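Structure assessment
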Amino acid sequence: MESLVREGRVVELRRRLCSRMTFGTAGLRAEMGAGFACINDLTVIQSTQGMYKYLAKYVPDLKTRGLVVGFDTRAQTSSGCTSERLARLTAAVMLCKDVPVYLFSTYVPTPFVPYAVMKYGAAAGVMITASHNRKEDNGYKVYWHNGAQISSPHDKEILRCIEESSEPWPESWNEDLVESSLLRRDPLEDRCTFVCVYKINTTSHNFFSPPHCRELNAMSPLKFVHSSFHGVGHNYVQRAFQQFGFPPPIPVPEQKDPDPDFSTVRCPNPEEGESVLELSLRLAEREEARIVVATDPDADRLAVAEQNDNCGWKVFTGNELAALLGWWMLFNWKEAHPDPADTERVYMLATTVSSKILKAFARIEGFHFEETLPGFKWIGNRIHELKKTGKEVIFSFEESIGFLCGNMVLDKDGVSTAAVVAEMAAYLHTKNLSLKQQLINIYEIYGYHISRTCYVICNDPPTIHKIFSRLRNFGGPGVYPESCGDYCITHIRDVTTGYDSSQPDKKCVLPLSRNSQMVTFTFQNGIVATLRTSGTEPKIKCYTEFCAAPGERDISSLEEDLRKVTAALVEEFLEPDKNNLLRRSV
């Protein structure tokens, strides 16, 4: 900060000091560095003090329930800021107030924290991670005592408590409490027990992977390659495969160990596709492994690629993988519950920007499907509500390769999903089917769902505000666009303002989301498109999908229309050249 003052960098000083981090779709997330707008020792201590103040007020038995704290492998060499240090400081704040803390002794996948919150009946949980963000970032992800990420009003109230607790308490800096306090417990004290129980509970949810399937898995000729993208996933995915009866997947040697610089990938996000999976794909070709699974650095997301016969690789999108996993979860549910009446209590969930393929499943198969706002915090909290009424949520997803098979943890889980994918692939192999072939079978039964996702990078919040303000006043004050390119728009939903032209009262059915930008356009030709800001990165995302009727097989024209609408949305509504936006496709 002194250096910035000497250099007269007033704009940078103002950015760092005149605003505070706010809760997005994944908690607090920002670059590591000095200032209230960044992740550092002070802001993490302040955040935890605010957490304590809020929990002490609303959780009467806080001092018996305690807090769960986990961390990933992120680090900033220049400052010494690491996820582990921030986790220890988080623990110290609670311990100095005589609150028990379940602090993991080593790095763990993000879903371990919400699972531990439910396992121990903790008041809340904190995971120090920035998931798949760039190496400069870190984050503070908060879970409520139901095991789901916090949502309103908890997030706003915690922020208010943070602002009221800005001066660190003397003992808040005392990292030694982690070693000396009798109130600190390590969930991994019996590491084998915790990890195995986690895998059993999250991957053996009484309707898939029974023991006889595991015996078949052990005999499967399929070979798998796994990349952990320099993060936490290697050991845990190995164990998950073994829990399912498979040999451990072949690790990508250059990427299996933690590396906070993510030195072998330009971006630590497996959602980026073949360009960041290069090492995995080449290793799979050498090892004659047919399938690649890749977890992101905190192992809550999963990418999957399959080798086509002499035709390169098929990297599945999040929507395509969801179609496969949704089919597989329903197939196994029905095998275990042959009475059609049981299906009445089955639910699947997806975020509103994700594919509508599960909706097509539900329409034909007779179970229930619901949409939520983007972000797994909405899915997790909805699962909690449904479970309380005796409903069974067997699968949930978001298009950005976030999946949850079952409901024993209320957040996306790349580790257990990797094992589920392996078992699905092994079963299909016994039927002489590949994942890609089964995906085509699914589309022919339920209708082709063709989707495209792209995004632009924008590091200037005022520009983002200007872009969406223009959309809301496109044809005059309060008048949204009526067309895009050559395509007529029939309905518009704006969850930022609460407007929905398709509803009789013009009000959104989904909850308002005033802290983010999201506008959805329904076109006359049936294409649905959404523009929204990311809750974790400086991006404006564009999602488009065409849902064909079951039996409709001539999709070439649909794909061309989708391509044109997607291009028109980006060029006409986002104006990348004018607004200095960097284009990306997924």
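Numbers given to residues run from 1 along each chain, matching the order in which its sequence is written. Local features in this predicted model are restricted to residues whose pLDDT is 70 or higher, and side-chain atom pairs enter the listing and the counts only when it is 80 or higher, whereas totals over whole chains, interfaces and linings include all residues. Only hydrogens and water are removed before side-chain values are computed, so all heavy atoms of the structure are retained for them.

Let me state the cut-off plainly: UniProt positions are given in the numbering used here, feature names are shortened, and annotations may be inferred rather than shown by experiment.
Identification of the protein as Phosphoglucomutase 2-like 1 from Cyprinus carpio is taken from an unreviewed UniProt entry. Its UniProt record, at the heading Sequence similarities (unreviewed entry), says of the protein: "Belongs to the phosphohexose mutase family."

1. Things to note about the overall build of the protein
Test applied: A run of DSSP states H or I qualifies as a helix once it reaches four residues; a run of E qualifies as a strand once it reaches two. Both are numbered from the N-terminal end. For this measure, only C-alpha atoms enter the radius of gyration; the expected value for a globule follows 2.2 Å times N^0.38, where N is the number of residues. Only protein chains enter the area calculation, which uses a 1.4 Å probe; residues under 20% of their type maximum are buried, those over 50% are exposed, and those in between are partly exposed.
Looking only at helices and strands, the protein has 20 helices and 25 strands in total. In terms of overall dimensions, the protein is globule-like: its C-alpha atoms have a radius of gyration of 24 Å, near the 25 Å expected for 586 residues. Here the C-alpha coordinates of the protein stretch approximately 70 × 65 × 50 Å along the principal axes. When burial is assessed residue by residue, the protein has 59% of its 586 residues classed as buried.

2. Structural notes on the environment of Arg514
Counted only if it meets this: By definition in these notes, contact holds between two residues if any of their heavy atoms fall within 4.5 Å.
For Arg514, the location among the structural elements is in the loop between strand E21 (499-500) and strand E22 (518-523). Here the alpha-carbon distance between Arg514 and Ile128, two residues 386 residues apart in the chain, equals 26 Å. With near-sequence residues (within four places) excluded, Arg514 lies in contact with Thr496 and Thr497.

3. Describing the pairing of strand E15 (residues 368-372)
Spelled out, the test is: Strand pairing is defined by DSSP finding a minimum of two bridges between the two strands.
Across five bridges, strand E14 (residues 346-351) lies against E15 in parallel orientation. Bridging across to E15, Met348 finds its partner in Phe369.

4. Focus: the packing of helix H11 (residues 233-243) against helix H16 (residues 414-430)
Put simply, the rule reads: Note on method: axes are straight lines fitted to C-alpha atoms, helices fitted across the in-contact stretch only, with angles between N-to-C directions ranging 0 to 180 degrees. For this classification, under 35 degrees means roughly parallel, over 145 means roughly antiparallel, 65 to 115 means roughly perpendicular, and everything else is oblique. Note on convention: near helix rotated counterclockwise from far helix by under a right angle means a left-handed crossing. Clockwise means right-handed. The residue classification treats Ala, Val, Leu, Ile, Met, Phe, Trp, Tyr, Cys and Pro as nonpolar and Asp, Glu, Lys and Arg as charged. All others, Gly included, are polar.
Taken N-terminus to C-terminus, the directions of H11 and H16 make an angle of 40°; their axes are 9 Å apart at the nearest point. Between H11 and H16, the crossing angle belongs to the class labelled oblique. Between H11 and H16 lies a crossing of right-handed hand. Of the residues in H16, those in contact with Tyr236, Val237, Ala240 and Phe241 of H11 are Val415, Ala418, Ala419 and Ala422. Split into classes, the residues belonging to the contact of H11 with H16 amount to eight nonpolar, no polar and no charged.

5. Focus: the sheet that holds strand E17 (residues 402-405)
One key point about sheets: their strands pair by backbone hydrogen bonds, in either a parallel or an antiparallel sense. Read across the open sheet, the four strands follow the order E15-E14-E16-E17; overall the sheet is mixed. The open sheet terminates on both sides in strands that have one partner only, identified here as E15 and E17. For this sheet, the mean inter-axis angle between neighbouring strands, taken without regard to orientation, is 15°. Sheet strands touched by helix H13 (residues 318-336): E14, strand E16 (392-398) and E17. Its angle to E16, the strand with the most contacts, is close to 170°. Its contacts with the sheet place helix H15 (residues 376-388) against E14, E15, E16 and E17, and it is angled at close to 175° to E16.

6. Examining the layout of surface pockets
Using a probe with the size of a water molecule, rolled over the atoms, empty space left in the structure can be pinpointed. Condition: Computed over the protein atoms alone on a 1 Å grid, cavities are sets of points where a 1.4 Å probe fits but cannot get out and pockets are open sets with protein on both sides within 12 Å along at least five of seven lines; a residue lines them when it has an atom within 4 Å of a point. Grid points are joined across faces, edges and corners, and a volume is the space filled by probe spheres set on the points.
Taken as a whole, the second largest pocket spans an internal volume of roughly 840 Å³. Lining the second largest pocket are 36 residues, with Lys314, Val315, Thr317, Glu320 and Ser451 positioned closest to its centre. Going through the elements one at a time, strand E13 (313-315), H13, helix H17 (435-446), strand E18 (449-457) and helix H19 (556-574) are the ones with two or more residues in the lining of the second largest pocket. Residue composition of the lining of the second largest pocket, grouped by class: 16 nonpolar, nine polar and 11 charged.

7. What about the packing of aromatic side chains?
The description of an aromatic ring pair rests on the distance of the ring centres and on the angle between the ring planes. Convention followed: The aromatic pairing rule takes the rings of Phe, Tyr and Trp, using the six-membered ring of Trp, and pairs them if the centres are within 6.5 Å, calling planes under 30 degrees apart stacked, those over 60 edge-to-face and the rest tilted.
Enumeration according to the criterion identifies 20 aromatic pairs in this entry. Each ring, one from Trp328 and one from Phe331, has its centre 5.7 Å from the other, and the planes form 15°; the classification is stacked. Here the residue Trp328 and the residue Phe331 both occupy positions in helix H13, the gap between them amounting to three residues, near one helical turn. The buried category is assigned to Trp328, whose relative accessible area is 3%. On the basis of relative accessibility, which here comes to 25%, the residue Phe331 falls in the partly exposed class. Here Tyr480 and Tyr499 contribute two aromatic rings whose centre-to-centre distance is 5.2 Å and whose plane-to-plane angle is 5°, an arrangement assigned as stacked.

8. Here's the deal with the pattern of salt bridges
As a working rule, side chains carrying opposite charge can pair if their charged atoms are close by. For clarity, the threshold we go by: Only one rule defines a salt bridge in this text: a Lys or Arg side-chain nitrogen within 4 Å of an Asp or Glu carboxyl oxygen.
Counted by the stated rule, this structure contains 36 salt bridges. Here the salt bridges share partners, and the residues they tie into one network are Asp41, Arg85, Arg88, Glu175 and Glu179.

9. Let's talk about the pairing of strand E20 (residues 487-494)
Two strands pair when backbone bridges link them, and strand E19 (residues 483-484) and E20 are joined in this way by two bridges, in the antiparallel orientation. Residue pairing across strands places Ser483 opposite Cys488, the latter belonging to E20. Once E19 ends, the chain turns through two residues before running back antiparallel as E20, passing Gly485 with a positive phi of about 60°. One ladder, built from five bridges, connects E20 with E22; its direction is antiparallel. Bridge pairing in E22 places Arg493 opposite Thr520. Of the pairings in the sheet, the one linking E20 to E21 comprises two bridges and is antiparallel in character. In the sheet register, Asp494 faces E21, and the bridge partner there is Tyr499. In this antiparallel pair of consecutive strands, E20 and E21, the connection spans four residues, and Gly498 shows a positive phi of 90°.

10. Observations concerning the side chain of Ser501
Quick reminder of the rule: The definition of a polar contact used here is a pair of N or O atoms within 3.5 Å, where within protein one atom must be able to donate a hydrogen and the other to accept one, and adjacent residues in sequence count solely through side-chain atom pairs.
By secondary structure assignment, the location of Ser501 is in the loop between E21 and E22. Side-chain polar atoms of Ser501 contact the backbone nitrogen of Ile492, separated by 2.8 Å. Excluding residues that lie within four positions of it along the chain, Ser501 makes contacts with Thr490, His491, Ile492 and Lys506.

11. So, the UniProt feature "domain: Alpha-D-phosphohexomutase alpha/beta/alpha" (unreviewed entry) in the protein
Those places that UniProt annotates as "domain: Alpha-D-phosphohexomutase alpha/beta/alpha" (unreviewed entry) correspond, in this numbering, to residues 21-167, 216-307 and 318-437. Within the segment residues 216-307, helix and strand shares are 27% and 18% respectively, and the terminal C-alpha atoms sit 22 Å apart. With 51% helix and 18% strand, the stretch residues 318-437 has end C-alpha atoms that lie 17 Å from each other.

12. So, helix H3 (residues 41-58)
In an α-helix, one full turn covers 3.6 residues, which means residues spaced three or four apart are oriented alike. What counts is decided by this rule: Here the expected span of a helix is defined as 1.5 Å times the quantity of residues minus one.
Along its 18 residues, H3 runs 26 Å from first to last C-alpha, staying within 8% of the 26 Å computed at 1.5 Å per residue. Within H3, 13 of the 18 residues are buried, which leaves it mostly tucked inside the rest of the structure. Taking the backbone nitrogen of Leu42 as reference, a side-chain oxygen 3.1 Å away marks Asn40 as the first, capping residue of H3.

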